[in-house]
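Below, each chain spelled out in residue letters.
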Amino acid sequence: MRIDIITVLPELLESPFSHSILKRAREKNLLEIHVHHLRQWAMNEYGQIDDYQYGGGAGMVMMPEPLAKAIEHLSEQTRYDEIIFMTPDGEPFSQKMANQLSMKENLLIICGHYKGIDERIREHFITREISIGDYVLSGGELAAAVVVDAIGRLIPGVLNNETSALFDSFQDNLLAPPVYTRPAEFRSWKVPEVLLSGDPKKVADWRHEQSVLRTEKRRPDILSDL
Ligand code: 6GU
């Protein structure tokens, strides 16, 4: 998969993809990430990319021309399956959406700043708008990092048996069960007996039961009729 990201703060997007699973995915060439500075397509020598909003009001709006030029320039080199705008009024991001997007070949992600981007860009270029939750971030970069991380680890071949996504929380509308490691007793707190039993069927049943209990208690809203 190839992901291009357009931003005015490329520094914010360096570290998140350079560690752990995403780092490995890039090294294995399963994931290619290219971050582009919107200033390359600025209006003038001052690097202008935003302006006051029509109708008045506080906050600058990202101008249509730099964004249109950036999107058109990148689209000449890559045929994007989706052109995504990160925005708090977008569709709520979910594991289901991450699963869907992980099967695409090429994604272009636009990070907004200030008061947002000129509506005409949203109307004429953007194919999908995503929010990562009901709160407002200063810009789309951290949200884009969240989305790329969630998608990247689902690309076939990125996770191995050990890190498999099959048992992740939300993957089957259930939260993940509790996990334990050595020692079997720590400060007199014991690991549940069943996990030491060596009986895979019993362990699997216990984990499923714990998942259901945990979901009922913490997130009854996601509990499906599995
Ligand atoms: Cl995608 N962008 C911004 N700026 N704030 C957000 C968000 C996105 N998702 C939740 N809050």
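Everything discussed here concerns the structure shown above.
Fair warning: this is a prediction, and the values are worked out from it, not measured in the lab.

Here we take up the overall build of the protein. In terms of regular secondary structure, the protein is built from six helices and nine strands. Radius of gyration (C-alpha) of the protein: 22 Å, far over the 17 Å computed for a compact globule of 226 residues. Based on the C-alpha atoms only, the size of the protein along its principal axes is roughly 70 × 40 × 35 Å. Here the protein holds 226 residues, and the buried ones make up 42% of them. Taking as baseline every contact in the protein between residues at least 6 positions apart, the subset at least 24 positions apart corresponds to 74%.

What follows covers the site of the ligand. Residues in close proximity to the ligand include Met86, Thr87, Pro88, Ile130, Ser131, Ile132, Gly133, Tyr135, Leu137, Gly139 and Ala143, which together make up its full environment. Interatomic distance of 2.5 Å between a backbone N/O atom of Tyr135 and a nitrogen atom of the ligand. One of the backbone nitrogen or oxygen atoms of Leu137 is found 3.0 Å away from a nitrogen atom of the ligand. Relative to its unbound accessible surface of 290 Å², the ligand loses 96% to contact with the protein. Ranked by residue count, the leading element in the shell around the ligand is strand β5 (residues 82-92), at three residues. For the shell around the ligand, the residue count by class is seven nonpolar, four polar and no charged.

What counts and what doesn't
Residues numbered from 1 in each chain as written. Predicted model: local features only at pLDDT ≥ 70, side-chain atom pairs only at ≥ 80, totals over all residues. Heavy atoms only, no water. Helix = DSSP H or I, 4+ residues; strand = E, 2+ residues; numbered from the N terminus. Rg over C-alpha atoms; globule rule 2.2 N^0.38 Å. Buried < 20%, exposed > 50% of the residue type's maximum accessible area, 1.4 Å probe, protein only. Contact = heavy atoms within 4.5 Å. Near = heavy atom within 4 Å. Polar contact = N/O pair within 3.5 Å; in protein donor to acceptor, adjacent residues only side chain to side chain. Areas by Shrake-Rupley, 256 points an atom, 1.4 Å probe, with all protein chains shown as cover. Nonpolar A, V, L, I, M, F, W, Y, C, P; charged D, E, K, R; others polar.

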